[in-house]
Amino acid sequence: MSEACSTQSERPIKFLLKKYQTKQPGEPNTISHLTNSSVKSYRIKKKIRYSIIIMNQLNIQGEMREQVIYLIKEFQDTNKLCKKCKCKTIITALIFYVKFSNSKKYPLSDYTITKKVKLTEEIFSKITLKIAKHFQTLCPIRHNHNV
């Protein structure tokens, strides 16, 4: 009993509360990367809502919509595709990526939305290459050297 009393006197309740409320060495700053936080899901839903508005303007329907939403979920961190670009620019590029892969490609300058979000051919090609690189790392192309 005397040992328990001595530890309580050495470590008062206020000390323990302060200790467990502060970050300890080696402890992660946040646990949001371990859980599906509501902020993260809110941001994804916000991106999807924006994409639906743009897809309505471009008359994109059916399976192409699902492809765009899949890409938005796949690239939740849009900075991986273009660090200097705004989120709206990248989402618009994803939409045009799906649109052009399923239909005839017209110059981006023909679309008014590209001027609003400042999507250029250079940015579009850069994002397209990064999308291709991402999916190629998931399923690499194997060369057959049997000649």
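Structure first, text after, so check above.
What counts as what
- Residues numbered from 1 in each chain as written.
- Predicted model: local features only at pLDDT ≥ 70, side-chain atom pairs only at ≥ 80, totals over all residues.
- Heavy atoms only, no water.
- Helix = DSSP H or I, 4+ residues; strand = E, 2+ residues; numbered from the N terminus.
- Buried < 20%, exposed > 50% of the residue type's maximum accessible area, 1.4 Å probe, protein only.
- Phe/Tyr/Trp six-rings, centres within 6.5 Å; stacked < 30°, edge-to-face > 60°.
- Disulfide = S-S within 2.5 Å.
- Polar contact = N/O pair within 3.5 Å; in protein donor to acceptor, adjacent residues only side chain to side chain.
- Contact = heavy atoms within 4.5 Å.
- Axes fitted to C-alpha atoms, helices over the stretch in contact; angles between N-to-C directions.
- Parallel < 35°, antiparallel > 145°, perpendicular 65-115°, else oblique.
- Nonpolar A, V, L, I, M, F, W, Y, C, P; charged D, E, K, R; others polar.

Engineer: Describe the overall build of the protein chain, listing the residues and the values that go with them.
Structural biologist: From N to C terminus, the protein chain includes seven helices and zero strands. In sequence order, the protein chain lays out its α and β elements as α-α-α-α-α-α-α. Here the protein chain holds 147 residues, and 27% of them are scored as buried.

Engineer: Let's hear about the packing of aromatic side chains: which residues, and what values?
Structural biologist: Two aromatic rings, taken as a pair, are described by how far apart their centres are and by the angle between their planes. Overall, the coordinates contain six aromatic pairs when judged by the stated rule. Among the aromatic residues, those joined into a ring-pair cluster are F96, F100, Y111 and F124.

Engineer: Describe the state of the cysteines, and please don't skip the residues or the numbers.
Structural biologist: The full count for this structure, using the stated rule, is one disulfide. The disulfide partner of C82 is C85, and the gap between their sulfur atoms is 2.1 Å. Because the torsion about its S-S bond is 55 degrees, the bridge between C82 and C85 counts as right-handed. Per residue, the accessibility class of C82 equals that of C85, and both read buried.

Engineer: So what's going on with the side chain of S51? Which residues, and what values?
Structural biologist: Tracing the backbone through its elements, the reader meets S51 in helix α3 (residues 38-57). Among the residues examined, S51 registers a relative accessible area of 0% and is labelled buried. Among the polar contacts listed, one links the side chain of S51 to the backbone oxygen of I48, at a separation of 2.7 Å. Residues contacting S51, with those up to four places away along its chain left out, are V68, I72, I91 and I95.

Engineer: For the packing of helix α5 (residues 87-102) against helix α7 (residues 121-138), give the residues involved together with the corresponding values.
Structural biologist: Taken N-terminus to C-terminus, the directions of α5 and α7 make an angle of 75 degrees; their axes are 10 Å apart at the nearest point. The angle between the axes of α5 and α7 places the two elements in the roughly perpendicular class. Each of T89, I90, A93, L94, F96, Y97 and F100 in α5 lies in contact with α7, whose residues at this interface are I123, F124, I127, T128 and I131. Considering only residue class, the contact of α5 with α7 consists of 10 nonpolar, two polar and no charged.

Engineer: Tell me about unusual backbone geometry, and please be specific about residues and values.
Structural biologist: One non-glycine residue, N59, adopts positive backbone phi at about 55 degrees. Assignment of secondary structure puts N59 in the loop between α3 and α4 (63-74). A positive phi angle, close to 60 degrees, is found at K118, a residue other than glycine. Relative to the helices and strands, K118 is located in the loop between α6 (112-117) and α7. K118 gets classed as exposed once you look at its relative accessible area, which sits at 65%.

Engineer: So, the side chain of T114: which residues are in play, and what are the values?
Structural biologist: Turning to its location among the elements, T114 is positioned in helix α6. For T114, a relative accessible area of 2% corresponds to the buried category. One polar contact links the side chain of T114 to the main-chain carbonyl oxygen of L108, over a distance of 2.7 Å. Residues in contact with T114, not counting those within four places in the same chain, are F96, L108, S109 and L119.

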